[in-house]
Structure formats: structure tokens, C-alpha cells
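Letter by letter, the chains look like this.
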Amino acid sequence: MTTAFLTHSDCLQHVTPDGHPERVDRLMAIYAAVDTIDHAGLLRVEAPLGSADDILRVHPRSHLDAIEQAIPSSGSVALDADTHVSPGSLRAALRGVGAMTKAIDMVLDEEVQNAFAAVRPPGHHAETSTPMGFCLFGNIAIGAKYALDVHGLKRVALVDFDVHHGNGTQDLLWNEPRVLFASSHQMPLYPGSGYANETGASDNVLNVPLDAGADGRAFRQAYERTIFPALEDFAPELILISAGFDAHARDPLANLMLTEADFAWVTEKLCDIADTHAKGRIVSTLEGGYDLDALAASTKAHLEVLLERGAT
């Protein structure tokens, strides 16, 4: 078995204003880091364009229409203070959706053991009818619904270790009892959601806020005490990961103190749970991470664990 690395050059065509943290250079840094990985098990795959049908699994038609209509013929348009679109943004976002569905197909059809999607814009802040936080479509929520509806899975777990709460994923899957959404994140911090008492319509949401300044020890304790036991009880048939690396100590947008070793550790532990309950099946997609060196090192550490586990 192997690990799929899905991306597309269209994701470089989503151009944000000068000085914006979610910029083209993020993917370039990841590509350079991945090129240094010496592992025969890495299968590079072009992400296809996602379909409207898949987007409509979680978003209404009005949301898709609004995004399409907002795309400018030149320059940049601000959808809110943080979220911008340029002429290439729609195709980039569609590649993010397509990367998720393609990766899920490959993993569930046993073409690969696991997969990582290096795509942008990210997705976990996009709510049902609201693009926000750099995000247009809820890529990972779309992937969860795709795995359930198309592949017939009964239980999908989604783990988000981005430093910002995945409010969009929570909103899109609030009423979906077949999904367990578990998130660790700094609080207080944008977007202001993610309190422990936000538990979903069917106790299918698990939020674990961390204080500013929390280090790897606090992060690991939170997972060992709360998130991992919940995942074990849920017994998922597939684990999806919102892999945001902005909880790194060097990231400029937040104040957690993780290192790439912590991201490797949580990846390893999630692989253990996937081995027990999900035949090792994991699909991960890029979310945040805005210090380029930290992003590159953390992504490489995450991917190296997936590669090692995919080869066994």
C-alpha cells in the first residue's frame, strides 16, 4: 500500500492581496518540503475538479451560486475582511473539493492506505451559506458526507487540530449523527466558537479548547484524556483530518506552542486508532499554517508518518 499526495497547480491561482497570510507561497513551501522526502510509497495525484453535486451535499445551491457570481474577471474581491477571491479562486476551491472525494475513493477502494491533500483555499471555516476565514467550501465536511452517502459508510470521524476552531465543519455536520467531529483549538481566538458545551444535535461534536500558551504536553494530554477515548468509543470506519499547522509555536496568527514533533505524534496516534477500527484508512487535508518554515516542517512530519504507516 502507498500514500497519495493530491494537489493541483490550480491551487496556486487563488491569489490573495499582498500581505495576506493565506498566500500562494504556502503551497510552494509544502511542495519544496515534499520534494525532500525520500520514500517510494508516495503517489502523486492530480486533484480533479469537485462536482456541484458533492458541494450540494452540505451547502445550498444559493451558496454555490453566490461564490460563482463573486469571482472577478481581474483583481481581487473581498467577501469579508479576511476572505478574498481572484479569477482563479473558484477552480482552486473546486480542486480542494475534488481532492477530498478522489482521496476518499482511493482509500476506500484500497488503491492507497491513506492520503494527504495539499490544497488551498482551506475549508473548515466555511459555514452552510457563509464563506469566511479564508474558506469558500467546507471541503472536509463534503468529504465526510461523500464517504457516507456514496460509499455507504456508517461512521466517519473527523479530527481538526488547526489552532482555530472549525466552525464551518461544525455547522455543516451539526445534525449528522454518523459523523463524530472532534476539534482541539486555542480559545479565546477567531472565530469565537468551539466551547466545550457545543456538542451537536446528537452529541456528535467534541470541542476541546486550549489556553493560549499551551504547549505540546497540554495538547497531548487533551487528546489522551478526551479525544482519543471518544474516537475509540465511536469506532470510525474512516478518519478524516483537518490538518492545520498554525498551532505551531512559530505561527504568527495564534499562541499555541506546538512543534512538528507534536503533529507527528498526533498523526501516529490517529493511525493507531484507524488501524484498530478503520483498516488504517485516513484522509487528511491542509487547513491553516502561516509561518512558511513551520508549515513546511510540520507538513513533512505529518506526511512522513502517513507514509511509514501506509507502507506497513
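Note that the coordinates shown come from a computational prediction; the quantities given were computed from them, not determined experimentally. (Residues numbered from 1 in each chain as written. Predicted model: local features only at pLDDT ≥ 70, side-chain atom pairs only at ≥ 80, totals over all residues. Heavy atoms only, no water.)

K.L.:
Which parts of the structure should I look at to understand helix H4 (residues 89–108)?
P.N.:
Every α-helix carries 3.6 residues per turn, so stepping three or four residues along brings you back to the same face. Taking 1.5 Å of rise per residue, 20 residues should cover 28 Å, and H4 covers 29 Å from first to last C-alpha, within 8% of that figure. Counting buried positions along H4 gives 17 out of 20 residues, so the element sits mostly inside the fold. Where H4 terminates, the next one or two residues include Glu110, which has phi positive at roughly 65 degrees. (Helix = DSSP H or I, 4+ residues; strand = E, 2+ residues; numbered from the N terminus. Expected span 1.5 Å × (residues − 1). Buried < 20%, exposed > 50% of the residue type's maximum accessible area, 1.4 Å probe, protein only.)

K.L.:
I tried to follow the packing of helix H7 (residues 216–234) against helix H8 (residues 260–277) on my own but got confused; where do I start?
P.N.:
Interaxial distance between H7 and H8 falls to 11 Å at its minimum, and their mutual angle equals 15 degrees. Between H7 and H8, the interaxial angle falls into the category roughly parallel. Between H7 and H8 lies a crossing of right-handed hand. Residues Gly216, Phe219, Arg220, Tyr223, Glu224, Phe228, Leu231 and Glu232 of H7 pack against Ala261, Asp262, Trp265, Val266, Lys269, Leu270, Ile273, Thr276 and His277 of H8. Partitioned by chemical class, the residues of the contact of H7 with H8 number nine nonpolar, three polar and five charged. (Axes fitted to C-alpha atoms, helices over the stretch in contact; angles between N-to-C directions. Parallel < 35°, antiparallel > 145°, perpendicular 65-115°, else oblique. Left-handed = near helix turned anticlockwise from the far one by under 90°. Contact = heavy atoms within 4.5 Å. Nonpolar A, V, L, I, M, F, W, Y, C, P; charged D, E, K, R; others polar.)

K.L.:
Even after reading the chapter, I still don't get the side chain of Gln186, so can you show me in this structure?
P.N.:
Its location among the elements puts Gln186 in strand S7 (residues 179–186). Contacts of Gln186, omitting those with residues within four sequence positions, involve Val163, Leu210, Ala212, Ala254, Asn255 and Leu256.

K.L.:
What is the right way to look at the pattern of salt bridges in this model?
P.N.:
Close approach of charged atoms allows side chains with opposite charge to pair. Overall, the coordinates contain 16 salt bridges when judged by the stated rule. A salt bridge links Arg120 to Glu22, with the shortest nitrogen-to-oxygen separation between them at 2.8 Å. Of this pair, Arg120 sits in the loop between strand S5 (114–117) and helix H5 (139–149) while Glu22 is found in the loop between strand S1 (3–7) and helix H1 (24–34), placing the two residues 98 residues apart along the sequence. Taking the relative accessible area as the measure of exposure, Glu22 reaches 0% and is therefore buried. With a shortest N-O distance of 2.9 Å, Asp54 and Arg57 are connected by a salt bridge. (Salt bridge = Lys/Arg side-chain N within 4 Å of Asp/Glu carboxyl O.)

K.L.:
What's the story with the nonpolar core in this structure? I'm lost.
P.N.:
General note: in soluble globular proteins, nonpolar side chains tend to be found buried as a group. One finds Phe137 and Leu240 to be the most contacted residues of the largest nonpolar core, which totals 100 residues. Of the residues forming this core, the biggest block, eleven residues, is contributed by H4. (Core = buried A, V, L, I, M, F, W, Y, C linked by side-chain atoms within 4.5 Å.)

K.L.:
Would you mind showing me how to read the pairing of S7 here?
P.N.:
The buried count for S7 comes to eight of eight residues, which makes it a mostly enclosed element. Burial of the side chains of S7 extends over both faces: Val179, Phe181, Ser183 and His185 are buried on one face and Leu180, Ala182, Ser184 and Gln186 on the other. Bridge count between strand S6 (residues 156–160) and S7: five bridges; the pairing is parallel. Considered in S7, the bridge of Val156 is made with Val179. (Pairing = 2+ DSSP bridges.)

K.L.:
I tried to follow the sheet that holds S5 on my own but got confused; where do I start?
P.N.:
Where strands meet in a sheet, backbone hydrogen bonds hold them as pairs that are either parallel or antiparallel. Reading across the sheet, the eight strands line up as S2-S1-S5-S10-S9-S6-S7-S8 and stay open at both edges, with parallel pairing between neighbours. Two strands close off the open sheet at either side, each with one partner strand: strand S2 (42–46) and strand S8 (205–210). Shown here is a sheet whose adjacent strand axes are inclined to one another by a mean of 15 degrees, direction ignored. Of the strand pairs in this sheet, S1 and S2 are connected by five bridges, and their pairing is parallel. From the neighbouring strand, Thr3 faces S2, where its bridge partner is Leu42. Contacting S1, S2, S5, strand S9 (238–243) and strand S10 (282–286), H4 crosses the sheet at an angle of about 160 degrees to S10.

K.L.:
Please explain unusual backbone geometry as it appears in this structure.
P.N.:
A negative phi angle characterises most non-glycine residues, just as the trans form characterises most peptide bonds. Note that the residue after Arg120, namely Pro121, is joined by a cis bond; omega there is 5 degrees. Within the secondary structure layout, Pro121 lies in the loop between S5 and H5. The amide bond that connects Met187 to the next residue, Pro188, takes the cis arrangement and shows omega of 0 degrees. The phi dihedral of Phe134 falls on the positive side, at around 80 degrees, and the residue is not glycine.

K.L.:
Can you walk me through the pairing of S1 in this structure?
P.N.:
Side-chain direction in a regular strand flips from residue to residue, so the side chains alternate between the two faces of the sheet. In terms of residue burial, S1 counts as a mostly covered element, since five of its five residues are buried. Taken together, the four bridges between S1 and S5 define a ladder with parallel strand orientation. Opposite Leu6, over in S5, you have Ala117 as the bridge partner.

K.L.:
Help me understand the packing of aromatic side chains, please; the structure alone is not making it clear to me.
P.N.:
When we look at a pair of aromatic rings, we describe it by the centre distance and by the angle of the planes. All chains considered together, the criterion is met by nine aromatic pairs. When the centroid spacing of 5.9 Å and the interplanar angle of 50 degrees are considered together, the rings of Phe161 and Phe245 count as tilted. Taken together, the positions of Phe161 in the loop between S6 and helix H6 (167–173) and Phe245 in the loop between S9 and H8 put the pair 84 residues apart, joining distant regions of the chain. Note on Phe245: relative accessible area 1%, which makes it buried. For the pair Tyr223 and Phe228, a centre-to-centre distance of 5.5 Å together with 55 degrees between the ring planes defines the contact as tilted. Phe228 carries the same exposure label as Tyr223, and that label is buried. By the ring-pair criterion, three or more aromatic residues cluster together here, those being Phe219, Tyr223, Phe228 and Trp265. (Phe/Tyr/Trp six-rings, centres within 6.5 Å; stacked < 30°, edge-to-face > 60°.)

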